[in-house]
Amino acid sequence: MTKDRGWLYLAILTLVVALTWVAVSAIIRFRQPTVPKDIEKAAAPLDPNLDAAFFTRLQEKAAAR
Amino acid sequence: MIDFKTIPERYRRYYTYLEPVIADPLVRGYFGLVASFLLIAFFLVFALSPTIDTILALRKKIADQRATVTALDTKISNLIIAQENYSQVESLIPILETALPGVPAPQVAISQIVEFASSSGVVVTAAQFKSVPLVGDLATPPTVAEGLSSLAFSLAVTGTRDAVTRYLKELEQALRFIRFTNVTFSAAADSSQISVDAAGLTYYYVR
């Protein structure tokens, strides 16, 4: 009985392997970065705020000279 | 059952060979199922997989590029704000260059040490800077924060208590940034003079 169903099991396993193949290749493709490194670097966030207290202190020091 | 009389002579032996196989109830029952599974697997690998890959890659590219556009727009706004902030402190840049120079420049700190000593009325008995990298990268300077390095120095002065205290305060308030890490006072029993051994750091930017 098992020998007669060998082709059926083989077909099922082939289908499972094909599904796994598709899933893994989809996951790998989804995880690949698409933004070039130089653009990613250029888009890095920038803090525009300067330390006002530091410059105030600097001004006071300069005035005291 | 197949009627052999209707089949041409040259094809008859193929039907004779296949007929027992086709007549097998197991083959009849499972052939369709097995063929379907194998066909689905074939089309999954060679047709659906490339299509799904392309769709996912395009969706990811669209999402990534939208995020990049948003990040760039935010950065443009921040650059405009940074430019306005810089224009407000632009007049202080020369003073900043003295306070935090881009090179070690120990001579500025030394001149401050000597200048304030004479104005405060203390006597500098010893002054030493350690490991000053003047040119090149022979010695790796100690890093205080990102881009900021320090020069260690030690100092020994003698004077009255008030003069020494005034001197140390003036040094810490000097234009070139100086921070004392250790100050030791010692006084002679029969004298109004005190001696101070101080260790400190002066800072500069590593470009």
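Before any of the text, the structure's been laid out above.
Residues numbered from 1 in each chain as written. Chains lettered and ligands numbered in written order. Predicted model: local features only at pLDDT ≥ 70, side-chain atom pairs only at ≥ 80, totals over all residues. Heavy atoms only, no water.

Draft legend 1. Focus on the overall build of chain A. Helix and strand content of chain A: three helices and zero strands. Sorting the 65 residues of chain A into buried and exposed places 18% on the buried side. (Helix = DSSP H or I, 4+ residues; strand = E, 2+ residues; numbered from the N terminus. Buried < 20%, exposed > 50% of the residue type's maximum accessible area, 1.4 Å probe, protein only.)

Draft legend 2. Representation of the side chain of B:Asn78 within the structure. With respect to the secondary-structure elements, B:Asn78 resides in helix H2 (residues 25–89). For B:Asn78, a relative accessible area of 16% corresponds to the buried category. Leaving out residues up to four positions away in the same chain, B:Asn78 has contacts with A:Leu46 and A:Pro48. (Contact = heavy atoms within 4.5 Å.)

Draft legend 3. A look at helix H5 (residues 161–172) of chain B. Residue and element names in this part refer to chain B. Taking 1.5 Å of rise per residue, the 12 residues of H5 would be expected to cover 16 Å, and the 17 Å separating its terminal C-alpha atoms lies within 8% of that figure. Ala163, Val164, Tyr167, Leu168 and Leu171 are the residues of H5 that are buried. Across the axial projection of H5, the buried residues extend over an arc of 130°, all falling on one side. Summarising the geometry of H5, the exposed residues directed more than 90 degrees from the buried face are Arg161, Asp162 and Lys169. Residues of H5 that are buried make contact with helix H4 (106–120), strand S1 (123–130), strand S3 (148–160), strand S4 (178–187) and strand S5 (193–205). (Expected span 1.5 Å × (residues − 1). Arc of directions from axis to C-beta.)

Draft legend 4. View of the interface of chain B and chain A. Between chain B and chain A, the contact holds 39 residues from the first and 38 residues from the second. Our count for the chain B to chain A interface comes out at zero salt bridges. Linking chain B to chain A there are seven residue pairs in polar contact (both at pLDDT 80 or more). Those elements giving two or more residues to the side of chain B that touches chain A turn out to be H2 and helix H3 (93–99) of chain B. At 29 residues, H2(B) tops the list of elements feeding residues into the side of chain B that touches chain A. (Salt bridge = Lys/Arg side-chain N within 4 Å of Asp/Glu carboxyl O. Polar contact = N/O pair within 3.5 Å; in protein donor to acceptor, adjacent residues only side chain to side chain.)

Draft legend 5. A nonpolar patch on the surface, seen in detail. A cluster of nonpolar side chains, contributed by B:Leu18, B:Val21, B:Ile22, B:Val27 and B:Phe31, occupies part of the molecular surface with about 440 Å² of accessible area. Sort the elements by how many residues they give to the nonpolar patch and helix H1 (residues 12–23) of chain B lands first, with three residues. (Patch = residues over 30% accessible without salt bridge, like charges linked within 9 Å, V, L, I, M, F, W, Y side chains within 5 Å. Areas by Shrake-Rupley, 256 points an atom, 1.4 Å probe, with all protein chains shown as cover.)

Draft legend 6. Expanded view of the pairing of S5(B). Residue and element names in this part refer to chain B. The pairing of S3 with S5 spans 13 bridges and is antiparallel. By the bridge assignment, Ser149 is partnered in S5 with Tyr204. Alignment of S4 against S5, held across nine bridges, turns out to be antiparallel. In the strand pairing of S5, Ile178 is matched with Thr202. (Pairing = 2+ DSSP bridges.)

Draft legend 7. Region of interest: the packing of aromatic side chains. In the structure shown here, the tally under the stated rule is six aromatic pairs over all chains. Relative to A:Phe55, the ring of A:Phe54 lies with its centre 5.3 Å away and its plane at 80°, an arrangement referred to as edge-to-face. With 5.6 Å between their ring centres and 15° between their planes, A:Phe54 and B:Phe177 make a pair best called stacked. In this pair, A:Phe54 sits in helix H3 (residues 52–64) while B:Phe177 sits in the loop between H5 and S4, so the two residues belong to two different chains. (Phe/Tyr/Trp six-rings, centres within 6.5 Å; stacked < 30°, edge-to-face > 60°.)

Draft legend 8. Molecular detail of the nonpolar core. All names here are of chain B. Of all hydrophobic cores here, the largest spans 22 residues; its most connected members are Leu155, Tyr167 and Leu171. Of all the secondary structure elements, the ones that give two or more residues to this core are H4, S3, H5, S4 and S5. If one sorts the elements of this core by residue count, H5 sits on top with five residues. Setting aside residues no more than four positions away along its own chain, Leu155 makes contact with Ile113, Val124, Ala126, Ala127, Tyr167, Leu171, Phe180, Val196, Asp197 and Ala198. (Core = buried A, V, L, I, M, F, W, Y, C linked by side-chain atoms within 4.5 Å.)

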